[in-house]
Amino acid sequence: MIASTRVLSTCSRKQIVSAIQPTGKPHLGNYLGALRHWITLQDTDNSCIFGIADNHVLTSKTSPKQVQDNTKVQIAVLLALGLDEKRSILYKHSAVPQHTVLAWLLSTAATSGFIQRLRSMPQYKEKSLVHDNLALLTYPVLMAADILLFHATHVPVGEDQNIHIEFCNAIATNFNKIYKCTVFSPVDKLLTDSPRVKSLADPTVKMSKSYGKAVGVIELLDSDDVIRKKVKKAVTDSMGPITLDSENRPGVYNLLHLFAAVAGEDVSKVGERYEGRNVVTLKEDLADLLVQTISPIRSHALEVLEDQRTIDDVLRLGAEQASEIAEKNISDIYRVVGLR
């Protein structure tokens, strides 16, 4: 079952479900790829459930304290961006045990073909070189449960996440077939205009601490000075004045692409504007733009981090709301499989 595709702008009433892992501090790639779209979706006529996927982070060697600290920062940044817990549900997955219950039930519908499919997942191939655990292989089943638990109609994704929605729909279809039911409906993709943000230290990999040096990652809590230093050190080349050439000048193209993504412009327009100019000028202008964008987010997020009660209240409310929906839905699924 291949998920059908909708674009972000065609918003009628939808059940939106999305999540982010607290594997590190939120960075520019997270902001451009997901978080800013959450705010956009919240401001339309949608029912939105947004989660901190802390169950998934256990597949990597992240310390318990890091998981807790990163979760707090994720919540603070989301509130700083304008996510409103009165209009959206915001919660930790670990606070709703029905996630892992449904993952187990879905795994009973994963036949041998699904196991081979799991082994071929790009992220498994990449991360299994560093981490060695069964959860890393089966995490797409948990991801499917995260989506199906709330009967999501749409999930906002970039092109690189298509494979997960397709897997989700495939296992849901097989579950329906095995238990002769229609408990799960196909999930549609909301294709966002999310750019695939690359590392400043290595423009061949995405911006993530898991894939490269920290100096190549712009975090949303970085100081203005740190942002400028990271941009200044960004990898480019020695080929002279700027040209828009993604194949032969990946470092320069990465800066142009990042500028366009943050400014909301087309990269070709930015390329025309900087063509023939020197890279130093581009770096200075990009640093100014990033500081202008990130500084207010950082300031507000740091204020929220000083107010632990607000963070606790948001998570408590979100857990209550998500649990109410999850308990009803898992009860329906239990009846289908004969456990209730």
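In case you missed it, the structure is sitting above this.
What comes next concerns the included structure. Given the structure is predicted, the values throughout are model-derived calculations rather than measurements.

A few points about the overall build of the protein chain
Part 1: Looking only at helices and strands, one finds 12 helices and six strands in the protein chain.
Part 2: Here the C-alpha radius of gyration of the protein chain, 21 Å, is about what a compact globule of 340 residues would show, namely 20 Å.
Part 3: Principal-axis analysis of the C-alpha atoms places the extent of the protein chain at approximately 70 × 45 × 40 Å.
Part 4: Residue burial in the protein chain is summarised as follows: out of 340 residues, 51% are buried.

Some words on the pattern of salt bridges
Part 1: Per the counting criterion, the structure on display carries 13 salt bridges.
Part 2: One salt bridge in this structure joins Arg 340 and Glu 327, with 3.5 Å as the shortest N-O distance. Within this pair, whereas Arg 340 is found in the segment after α12 (308–337), its partner Glu 327 is found in helix α12, the two being separated by 13 residues in sequence.
Part 3: The class for Glu 327 is partly exposed, based on a relative accessible area of 34%.
Part 4: Linked by salt bridges that have partners in common, Asp 43, Asp 84 and Arg 87 make up one network.

A closer look at the pairing of strand β3 (residues 47–52)
On any regular strand, side chains alternate: one points to one face of the sheet, the next to the other face.
Part 1: Within β3, five of the six residues are buried, which leaves it mostly tucked inside the rest of the structure.
Part 2: Where strand β2 (residues 15–20) lies against β3, six bridges are found, and the strand directions are parallel. By the bridge assignment for β3, Gln 15 is matched with Ser 47.
Part 3: Taking the sense of rotation as the criterion, the β-α-β connection linking β2, helix α1 (residues 28–42) and β3 turns out right-handed.
Part 4: In the sheet, β3 pairs with strand β4 (residues 88–92) via five bridges, with the strands oriented parallel. Bridge pairing in β4 links Gly 51 to Tyr 91.

Here's the deal with the packing of aromatic side chains
Part 1: Under the defined criterion, the tally for this structure stands at six aromatic pairs.
Part 2: Ring centres of Phe 175 and Tyr 179 lie 4.7 Å apart, and the angle between their planes is 40°; on these two criteria the pair is classed as tilted.
Part 3: Site record: aromatic cluster; members linked through ring pairs are Phe 175, Tyr 179 and Phe 184.

Quick look at unusual backbone geometry
Part 1: Of note in this structure, His 151 is not a glycine but carries a positive phi near 50°.
Part 2: Inspection of the secondary structure puts His 151 in the loop between α6 (134–148) and β5 (154–157).
Part 3: The partly exposed category is assigned to His 151, whose relative accessible area is 32%.
Part 4: For Lys 180, which is not glycine, the phi dihedral falls at a positive 50°.

Considering the environment of Gly 33
Part 1: Relative to the elements of secondary structure, Gly 33 occurs in helix α1.
Part 2: Classification of Gly 33 by relative accessible area gives partly exposed; the value is 28%.
Part 3: Separated by 290 residues in the primary sequence, Gly 33 and Ser 323 have C-alpha atoms spaced 27 Å apart.

The rules we used
Residues numbered from 1 in each chain as written. Predicted model: local features only at pLDDT ≥ 70, side-chain atom pairs only at ≥ 80, totals over all residues. Heavy atoms only, no water. Helix = DSSP H or I, 4+ residues; strand = E, 2+ residues; numbered from the N terminus. Rg over C-alpha atoms; globule rule 2.2 N^0.38 Å. Buried < 20%, exposed > 50% of the residue type's maximum accessible area, 1.4 Å probe, protein only. Salt bridge = Lys/Arg side-chain N within 4 Å of Asp/Glu carboxyl O. Pairing = 2+ DSSP bridges. Right-handed = clockwise from strand over helix to strand, strands pointing away. Phe/Tyr/Trp six-rings, centres within 6.5 Å; stacked < 30°, edge-to-face > 60°.

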